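Architecture and fold: a report
Residue strings, one per chain:
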Amino acid sequence: MRLRIYRYNPETDKKPYMQDYQLDNVSSDMMLLDVLLLLKEQDSSLGFRRSCREGVCGSDGMNINGTNGLACITPVTGLKEPVELRPMPRLPVIRDLIVDMDQFYKQYRDVKPFLDVKDPLPEVELKQTPEERDKLDGLYECILCGCCTTSCPSFWWNPDKFLGPAALLQAARFIGDSRDQATEERLQALDDPFKLFRCHTIMNCVQVCPKGLNPTKAIGDIKKAMVKKSM
Amino acid sequence: MSSPGLQGLRPWIIQRISAVFIAVFIIYIFLLALISSPFNSNDWAAWVAIPYNNIFIGLFLIAVLWHAWIGIRDIVLDYIPNVVGRLLMLTLVGSTLTGSGLWGFKALFMVFIK
């Protein structure tokens, strides 16, 4: 298998470059992460993140042949060669395929991704009906890999102001939660030209989400909730 | 609000409502021209001079100006990262649209003078 991988070590390299690799012991049932681990034995200087190796932790998000995805759940069969691997776009590169996720996590914190309950908390859990709980399906499963946000052109254009699909999916998750009592404040905070309304329904986020989630629909639901509130 | 003077929801709603109005009005004008043909410039002038039509053309003009302003504002916010550049471009666009609007309303008013 032939690979072309983005290499950059800010301590030793003046600028990034693409390095070609050839691996012979690749079998068709492997995932891309398996190939990278083999490659790591050949070249220990190659840097990439990985942890759970089964699409749960979201550590190994990268740009694979031009499309963001998780290396651990991307089968090598069907990948066009040379497989071109780059770090996720528009985030600072720490080294090779490892990006600095600070901006991404800041956006996540900005939407206050936790229940805000004004009433005194009950001694038992905050209950929901099955129907209320169903509304959270498709929202809570996000693993914060960053594939969606870094594939979004609106994020590329305004990375410091537009919250991005991942954070907005989380905003929708708490706006839609029957137990949360800060819906109005959450909607008010998003009524700004940049945070939410830079989304132009490009839908790259939907295309790349490794969990099959739909941030575009979640953003649409936030807009609907805003319209409803304003009427 | 993190950006004083610029809003999120209101322009988004205005953009959609104006789009619907523009689309309906264009279809109406197109059908009118189709049904009433041949339709020469004197016929148009007479049609525009009917107060009811004149008001609707005025509303159409306002809808087009709002729609254009919000659309271009969105493009500027997306593609011009520099604040001074944004301000200059928005001033230029705002002035052009205001000028076009005044010119359009003058034309609507002139129909009555003729």
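Residues numbered from 1 in each chain as written. Chains lettered and ligands numbered in written order. Predicted model: local features only at pLDDT ≥ 70, side-chain atom pairs only at ≥ 80, totals over all residues. Heavy atoms only, no water.

Within chain A one finds nine helices and seven strands. Dimensions of chain A, computed from the C-alpha atoms along their principal axes, are close to 60 × 35 × 30 Å. Classification of the 231 residues of chain A by burial places 46% in the buried group. Taking the intrachain contacts of chain A between residues at least 6 apart in sequence as the baseline, contacts between residues at least 24 apart amount to 63%. Working note: accessible area of chain A is about 11800 Å², and carbon and sulfur atoms make up 50% of it. Each charge class in chain A was averaged separately, 32 positive and 33 negative side chains, and the resulting centres sit 5 Å apart. (Helix = DSSP H or I, 4+ residues; strand = E, 2+ residues; numbered from the N terminus. Buried < 20%, exposed > 50% of the residue type's maximum accessible area, 1.4 Å probe, protein only. Contact = heavy atoms within 4.5 Å. Areas by Shrake-Rupley, 256 points an atom, 1.4 Å probe, with all protein chains shown as cover. Lys, Arg positive; Asp, Glu negative; His and termini not counted. Charge placed at Lys NZ, Arg CZ, Asp CG, Glu CD.)

All right, on to the packing of aromatic side chains then. Counting across every chain of the model gives ten aromatic pairs over all chains. A ring pair is formed by F197 of chain A and W12 of chain B, whose centres lie 6.0 Å apart and whose planes are at 55°; its orientation type is tilted. Note that F197 of chain A is positioned in the loop between helix 7 (183-190) and helix 8 (204-208) and W12 of chain B in helix 1 (residues 9-36), a pairing that runs across two chains. Look at W44 of chain B and W47 of chain B: their rings are 5.6 Å apart centre to centre, the planes differ by 85°, and that puts the pair in the edge-to-face class. With W44 of chain B and W47 of chain B both in helix 2 (residues 41-49), this residue pair falls three residues apart, about one helical turn. The exposure class of W44 of chain B is partly exposed, given its relative accessible area of 30%. (Phe/Tyr/Trp six-rings, centres within 6.5 Å; stacked < 30°, edge-to-face > 60°.)

Next up on the list: the interface of chain A and chain B. Often, the extent of an interface is quoted as the loss of accessible area on bringing the components together. Between chain A and chain B, the contact holds 15 residues from the first and 15 residues from the second. Counting across the chain A and chain B interface gives seven residue pairs in polar contact (both at pLDDT 80 or more). With four residues, the single largest contributor to the side of chain A that touches chain B is helix 9 (residues 215-230) of chain A. A breakdown of the residues in the side of chain A that touches chain B according to their chemical character gives six nonpolar, three polar and six charged. (Polar contact = N/O pair within 3.5 Å; in protein donor to acceptor, adjacent residues only side chain to side chain. Nonpolar A, V, L, I, M, F, W, Y, C, P; charged D, E, K, R; others polar.)

Two faces belong to every sheet, and in a regular strand the side chains alternate between them. Residue and element names in this part refer to chain A. Here strand 5 (residues 83-86) shows a clear split, with V83 and L85 buried on one side and none of E84 and R86 buried on the other. Bridge analysis of strand 3 (residues 61-64) against strand 5 gives two bridges, and the strand direction is antiparallel. If you follow I64 over to strand 5, its bridge partner there is L85. (Pairing = 2+ DSSP bridges.)

This part covers the nonpolar core. The tendency in soluble globular proteins is for nonpolar side chains to be buried as a group. Counting residues in hydrophobic clusters, the biggest one holds 64 residues, and the most contacted among them are L3, I5, L36, L85 and L190 of chain A. In this structure, I5 of chain A is in contact with Y17, M18, Q19, Y21, L36, L39, L46, L85 and L97 of chain A, ignoring residues within four places of it in sequence. Residues I22, L32, V48 and A63 of chain B belong to the second largest nonpolar core, which totals ten residues. (Core = buried A, V, L, I, M, F, W, Y, C linked by side-chain atoms within 4.5 Å.)

This part is about helix 7 of chain A. The periodicity of an α-helix, 3.6 residues per turn, causes residues three or four places apart in sequence to face the same way. All names here are of chain A. Looking at helix 7, one finds that the buried residues are R186, L187 and L190. The arc that holds every buried residue of helix 7, seen down its axis, measures 95°, which confines them to one face. Those residues of helix 7 hidden inside the fold are in contact with helix 6 (164-175) and helix 9. (Arc of directions from axis to C-beta.)

Here we take up the confidence of the model for chain B. Segments scoring low in pLDDT should not have their predicted coordinates read at a detailed level. Residues and elements named next belong to chain B. Chain-level statistics for chain B give a pLDDT mean of 90 and a share of 94% at 70 or above. Ranking the elements of chain B by mean pLDDT puts helix 2 last, at 86, and helix 3 (residues 51-79) first, at 95. The ipTM value of the predicted complex is 0.82, and its pTM value is 0.90. (pLDDT = per-residue confidence, 0-100.)

This next bit is on the pattern of salt bridges. Proximity of charged atoms lets side chains of opposite charge pair with each other. Residue and element names in this part refer to chain A. A full pass over the atoms with the stated rule returns 19 salt bridges over all chains. Here K106 and D110 are joined by a salt bridge, their closest N and O atoms 3.1 Å apart. Here K106 pairs with D110, and both are found in helix 2 (residues 102-110), just four residues apart, close to one helical turn. It is possible to trace a salt-bridge network through shared partners that takes in R7, D43, R95 and D96. (Salt bridge = Lys/Arg side-chain N within 4 Å of Asp/Glu carboxyl O.)

Let us look at the environment of A172 of chain A. Residues and elements named next belong to chain A. Relative to the assigned elements, A172 resides in helix 6. Note: C-alpha distance between A172 and C152 (20 residues apart in sequence) is 18 Å. Apart from residues no more than four positions distant in its own chain, A172 is found in contact with L139, A218 and I222.

Residues and elements named next belong to chain B. Together, I50, Y52, I55, F56, L59, I62, W66 and F105 line one region of the surface with nonpolar side chains, adding up to about 760 Å² of accessible area. Ranked by residues supplied to the nonpolar patch, first place goes to helix 3 with six residues. Looking at the element boundaries, I55 is found in helix 3. (Patch = residues over 30% accessible without salt bridge, like charges linked within 9 Å, V, L, I, M, F, W, Y side chains within 5 Å.)

What follows is about unusual backbone geometry. Residue and element names in this part refer to chain A. Here the bond from E81 into P82 is cis, since omega is -5°, no more than 30 degrees from zero. Tracing the chain through its elements places P82 in the loop between strand 4 (67-70) and strand 5. One non-glycine residue, D96, adopts positive backbone phi at about 45°. Residue placement: D96 occurs in the loop between strand 6 (93-95) and strand 7 (98-99).

What follows deals with helix 1 (residues 32-42) of chain A. Three or more residues of helix 1 of chain A are buried, namely L32, L33, V35, L36, L38 and L39 of chain A. Buried residues along helix 1 of chain A sit in contact with strand 1 (2-7), strand 2 (17-22), strand 3 and strand 5 of chain A.

Strands belonging to one sheet form pairs held by backbone hydrogen bonds; the direction of such a pair is parallel or antiparallel. Residues and elements named next belong to chain A. Spatial ordering of the open sheet is given by 2-1-5-3-4, a layout of five strands whose pairing is mixed. If you trace the sheet from one side to the other, it starts and ends with strand 2 and strand 4, each paired once. On average, each strand axis in the sheet is tilted by 30° relative to the strand beside it, whichever way the strands run. Across three bridges, the pairing between strand 1 and strand 5 is parallel. From the neighbouring strand, I5 faces strand 5, where its bridge partner is L85. (Axes fitted to C-alpha atoms, helices over the stretch in contact; angles between N-to-C directions.)

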